[in-house]
Amino acid sequence: MPRFLHTADWQIGRQYGRFAPADAAAIAEARFTAVERLAALATAQQVAAVLVAGDVFDAQTVSDRTIRRLFNAMQGYAGPWLLLPGNHDAALAESVWSRARRIGAVPDTVELLLEPEPRLYPDAGFALLPAPLTQRQTMTDLTAWFDQTATPPGLLRIGLAHGSVQGLLAEAIDSANPIAADRAERARLDYLALGDWHGLKQIDARTWYSGTPEQDRFKDNGAGQALLVEIDRAGSPAAPRVTPYPIGTYHWQRWPVELRLASDAEALMERLQALAPNSVLRLQLSGTLDLGAYRQLQAALAVAEGRCRSLEVDADDLRLTPTDADLAALQVDGYLGDVIATLRARQHGDDAEIAREALLILADLLHAQHTPDGATPCS
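Owing to the predicted nature of the structure, the values given are computational and were not obtained by experimental measurement.

(A) Representation of the nonpolar core. Among the nonpolar cores identified, the biggest contains 35 residues, and Trp-10, Phe-57, Leu-70, Phe-71, Met-74, Trp-81 and Leu-83 are the most heavily contacted of them. Those elements that place two or more of their residues in this core are α1 (21-45), β2 (49-52), α2 (64-73), β3 (81-83), α3 (96-102), β4 (110-112) and β13 (225-230). For this core, the element with the most residues is α1, which contributes 7 residues. With residues up to four places along the chain from it excluded, the contact list for Trp-10 reads Arg-31, Val-35, Leu-38, Val-52, Asp-55, Val-56, Leu-70, Met-74, Trp-81 and Pro-213. Grouped together as the second largest cluster of nonpolar side chains are 30 residues, Leu-275, Leu-291, Ala-293 and Leu-301 included.

Pasting the structure below:
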């Protein structure tokens, strides 16, 4: 029973400018760790091959060091690693692949699938039909030649491609590069391994996107895994058995949280306390908070920021509404009271963020003014 490991969209060399430098470096490094884990899984499962469905590299311009590090990370599996060029690392006349060969970085365990031609592995029991991208975008279906291509009887027919299955992907794919939705059936494939969609997705019984093995977007789409594919025999009417295996280090999450009551803030702070160290969190706050609850939340966010890998807070839609008790505690009246009232109102206009920050600064100054000597005011 041949088995394969299907993976794609490693995006080696990707940069993460939206994060703090230390976080960006750790998240980028995790992509090499993912390849090491793939190698260990392939060895443990004794697969016939690792199918890598495109976008091994994030760009043609990655450094020679990055190229060498990638192939070093693959040493834990004796091969074959079958690597397909995608839209980020297309097989151009001069490409990251030609450079990898030129510097002698490609080991014997790795096969670069730079041409659309069948590859036969009779000892392992399969034939591979690859559809490499030779430019970043194409308007033709590069898998069409699978239909008319014969392979020896008794060998599994495995397709490998990178692009968009027509009519079935909702949004945010990297490129057009169309692939017919019924390609596996039309080409009599036992399995079609796809890349480009960064989440795990089944198209039909024999066609899957594995997604990226290291999550890289704030989407709950099954990213961070690889697929173990088991096939009974060539031409079997039984569908392949496809099992997802977790690979990734970091868990990207997006929490939209609306705060209306004190209990809402308390519930959020409890969630933050339970945040795992491998979390990459984008927190989107909306609603209203009084100054006391806001200060408590800020303290909880500071603790969570030190615990998890990255915490990004979007508070553009959060409004601060000092209560009468807040204002009484600050001992505000007269001109300052009018200023606070104006800032509260401006949180609903074009200057919302500036007004909120000004309100916090003023409240902190007033709070510090009334803090007993030797005490440290909240921030």
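Past the structure itself, the notes keep going.
(B) Looking closely at the pattern of salt bridges. Going through the model one piece at a time under the given rule, you end up with 17 salt bridges. With a closest N to O distance of 2.6 Å, Asp-216 and Arg-14 form a salt bridge. Of this pair, Asp-216 sits in the loop between β12 (207-209) and β13 while Arg-14 sits in the loop between β1 (3-7) and α1, and the two are 202 residues apart along the sequence. Among the charged side chains, a network of salt bridges with common partners joins Asp-141, Asp-147, Asp-182, Arg-183 and Arg-186.

(C) Just the pairing of β1, in detail. In terms of burial, β1 is a largely internal element, 4 of the 5 residues being buried. In this structure, β1 lies alongside β13, joined through 4 bridges in antiparallel fashion. Within β13, the position partnered with Arg-3 by the bridge is Glu-230. Pairing analysis gives 4 bridges linking β1 to β2, with the strands arranged parallel. Within β2, the residue paired with Thr-7 across the bridge is Val-52. Handedness of the crossover joining β1 and β2 through α1 is recorded here as right-handed.

(D) Geometry of a negative patch on the surface. On the surface, Asp-316, Asp-317, Glu-353 and Glu-357 cluster together into a patch of negative charge. Broken down by secondary-structure element, the contributors of at least two residues to the negative patch are β17 (310-320) and α9 (352-369). Judged by relative accessible area, Glu-353 falls into the partly exposed class, the value being 48%.

(E) Focus on α1. Taking 1.5 Å of rise per residue, 25 residues should cover 36 Å, and α1 covers 37 Å from first to last C-alpha, within 8% of that figure. Phi for Gln-46, located one or two positions after α1, is positive at around 50°.

(F) Expanded view of the sheet that holds strand β15 (residues 251-259). The sheet built from 3 strands is open, its strands ordered β15-β16-β17 with parallel pairing. The outermost strands of the open sheet, each flanked by one partner alone, are β15 and β17. Put simply, the sheet's adjacent strands are angled 10° from each other on average, direction ignored. The sheet contact formed by strand β16 (residues 279-289) and β17 spans 9 bridges and is parallel. Bridge pairing links Thr-288 to Arg-319 in β17.

(G) View of the sheet that holds β13. The mixed open sheet is built from 6 strands, whose spatial order is β4-β3-β2-β1-β13-β14. Both outer strands of the open sheet, β4 and β14 (241-246), are each paired with one neighbouring strand and no more. Across the sheet, the mean angle from the axis of one strand to that of its neighbour is 25°, orientation sign disregarded.

(H) Inspection of the packing of α1 against α2 at higher detail. Interhelical geometry of α1 versus α2 gives an angle of 30° and a closest axis separation of 8 Å. One finds that α1 runs roughly parallel with respect to α2. Contacts from Glu-29, Phe-32, Val-35, Glu-36 and Ala-39 in α1 reach Thr-66, Arg-69, Leu-70 and Ala-73 in α2. Here the contact of α1 with α2 is composed, by residue class, of 5 nonpolar, 1 polar and 3 charged.

Criteria and cut-off values
Residues numbered from 1 in each chain as written. Predicted model: local features only at pLDDT ≥ 70, side-chain atom pairs only at ≥ 80, totals over all residues. Heavy atoms only, no water. Core = buried A, V, L, I, M, F, W, Y, C linked by side-chain atoms within 4.5 Å. Buried < 20%, exposed > 50% of the residue type's maximum accessible area, 1.4 Å probe, protein only. Helix = DSSP H or I, 4+ residues; strand = E, 2+ residues; numbered from the N terminus. Contact = heavy atoms within 4.5 Å. Salt bridge = Lys/Arg side-chain N within 4 Å of Asp/Glu carboxyl O. Pairing = 2+ DSSP bridges. Right-handed = clockwise from strand over helix to strand, strands pointing away. Patch = residues over 30% accessible without salt bridge, like charges linked within 9 Å, V, L, I, M, F, W, Y side chains within 5 Å. Areas by Shrake-Rupley, 256 points an atom, 1.4 Å probe, with all protein chains shown as cover. Lys, Arg positive; Asp, Glu negative; His and termini not counted. Charge placed at Lys NZ, Arg CZ, Asp CG, Glu CD. Expected span 1.5 Å × (residues − 1). Axes fitted to C-alpha atoms, helices over the stretch in contact; angles between N-to-C directions. Parallel < 35°, antiparallel > 145°, perpendicular 65-115°, else oblique. Nonpolar A, V, L, I, M, F, W, Y, C, P; charged D, E, K, R; others polar.

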